[in-house]
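One letter stands for each residue in the lines below.
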Amino acid sequence: MRVIRCIVVCLAGSAALFAQTAPPRAEFEVASIKPTAVAPDVTQVHVGVQIDGAQVHCTYLSVRNYIRIAYRVKEYQITGPDWIASDRFDIHAKLPAGATREQVPEMLQTLLEQRFQLKLHRESKEFPVYGVVVGKGGLKLKESPLDPETQAGVNVTAEGSARGTTLTFGRGAYFSLADDRFEARKLTMAQLAESLGRFVERPVVDMTDLKGTYDLTLQFTPEEYRVLLIRTALNAGVVLPPEVMRYLEGASDESLFKDLQALGLKLESRKAPLEILVVDSASKTPIE
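Residues numbered from 1 in each chain as written. Predicted model: local features only at pLDDT ≥ 70, side-chain atom pairs only at ≥ 80, totals over all residues. Heavy atoms only, no water.

**Student:** Could you give an account of the overall build of the chain, naming the residues involved and the relevant values?
**Tutor:** Of the regular secondary structure elements, the chain holds eight helices and 13 strands. Looking at the chain residue by residue over its 288 residues, the buried ones come to 46%. Entry remark: accessible area of the chain is about 14,300 Å², with carbon and sulfur atoms responsible for 50%. (Helix = DSSP H or I, 4+ residues; strand = E, 2+ residues; numbered from the N terminus. Buried < 20%, exposed > 50% of the residue type's maximum accessible area, 1.4 Å probe, protein only. Areas by Shrake-Rupley, 256 points an atom, 1.4 Å probe, with all protein chains shown as cover.)

See the structure below:
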């Protein structure tokens, strides 16, 4: 469980910290790319992106992971050769003077194009999804307005520990996965759908047409919570050892579906067109 929590924190954080609209594309001042030497010790795993001042350290990530962060998409929205998900690389880079962490995705785009010779294009593809809809009995959640705005822009942060992870969207809006429960405060339905998509095997799309922000809490058994953590890691593109994957045998989404129905929400099987990135070509050996 400790291993899974660490992976979830690292990968969820690396995605959420870059979810904002960033300034025009820039380049790293300098960057080194090396194949990951060995798989990390499963008792002390560190996977993801760490930014310390001007230093950017990306550890044990696949090219698919880097594309996800660079282009702000989900794993299921990336298609390409098998090696982009299996071969892993460490990147250590330095931000130029005056650069911000919000520019890191654009810098990664430039790095991927220059050093991996990445070429891709965008398409639309129909996916089986879960649509979030209001149940027949009506919504049982009350609106919870956002806190008054105190500064310009949106402040998106992620933090975590061995107990779980929390993503904060600003103005009192956040969700956390910790202590056998999922807690959301002041989330839009689109944000809720995005959050739920981490826990199930299909993308989740908001189809409620609701415009407000809401609070909700979902409580799970320790076994259900463990399954949610594993699926969150898998949806982030993490390759987990067989002994961890065995916890998914016989796992069910029934509890999550029932808890949502009690709140007046329903996950329905639908199909919807979603944008995908198609990798046309990339070099398995990055240019020095």
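**Student:** So what's going on with the sheet that holds strand 6 (residues 119-134)? Which residues, and what values?
**Tutor:** Strand order across the open sheet formed by four strands is 4-13-6-11, with mixed pairing between neighbours. Each of the sheet's edge strands pairs with one partner strand only, and the pair in question is strand 4 (78-79) and strand 11 (204-206). Of the strands in this sheet, strand 6, strand 11 and strand 13 (265-281) are in contact with helix 5 (residues 189-196), which crosses strand 11 at around 175 degrees. (Pairing = 2+ DSSP bridges. Contact = heavy atoms within 4.5 Å. Axes fitted to C-alpha atoms, helices over the stretch in contact; angles between N-to-C directions.)

**Student:** An account of the confidence of the model for the chain is needed here, citing residue identities and associated values.
**Tutor:** With 82% of its residues at a pLDDT of 70 or more, the chain shows a mean pLDDT of 84. Here residues 40-45 is modelled with pLDDT under 50, and outside its nearest four sequence neighbours on either side it reaches eight contacts, counting other chains as well. Low pLDDT, under 50, characterises residues 151-155; the stretch is placed with five contacts to residues that sit more than four places away or in other chains. (pLDDT = per-residue confidence, 0-100.)

**Student:** Residue-level account of the environment of Thr208, with values.
**Tutor:** Topologically, Thr208 is positioned in the loop between strand 11 and strand 12 (213-219). The sequence separation of Thr208 and Gly135 amounts to 73 residues, and the corresponding C-alpha distance is 9.6 Å. In contact with Thr208, other than residues within four places in its own chain, are Val132, Val133, Val134 and Met189. A polar side-chain atom of Thr208 sits 3.1 Å from the main-chain amide nitrogen of Leu210. (Polar contact = N/O pair within 3.5 Å; in protein donor to acceptor, adjacent residues only side chain to side chain.)

**Student:** Break down the sheet that holds strand 3 (residues 55-62) for me, with residues and values.
**Tutor:** Taken in spatial order, the four strands line up as 1-5-3-2 in an open sheet, and their pairing is antiparallel. Among the strands making up the open sheet, the edge pair consists of strand 1 (30-35) and strand 2 (48-52). The average undirected angle you get between the axes of adjacent strands in this sheet is 10 degrees. Sheet analysis places strand 2 next to strand 3, joined by five bridges and oriented antiparallel.

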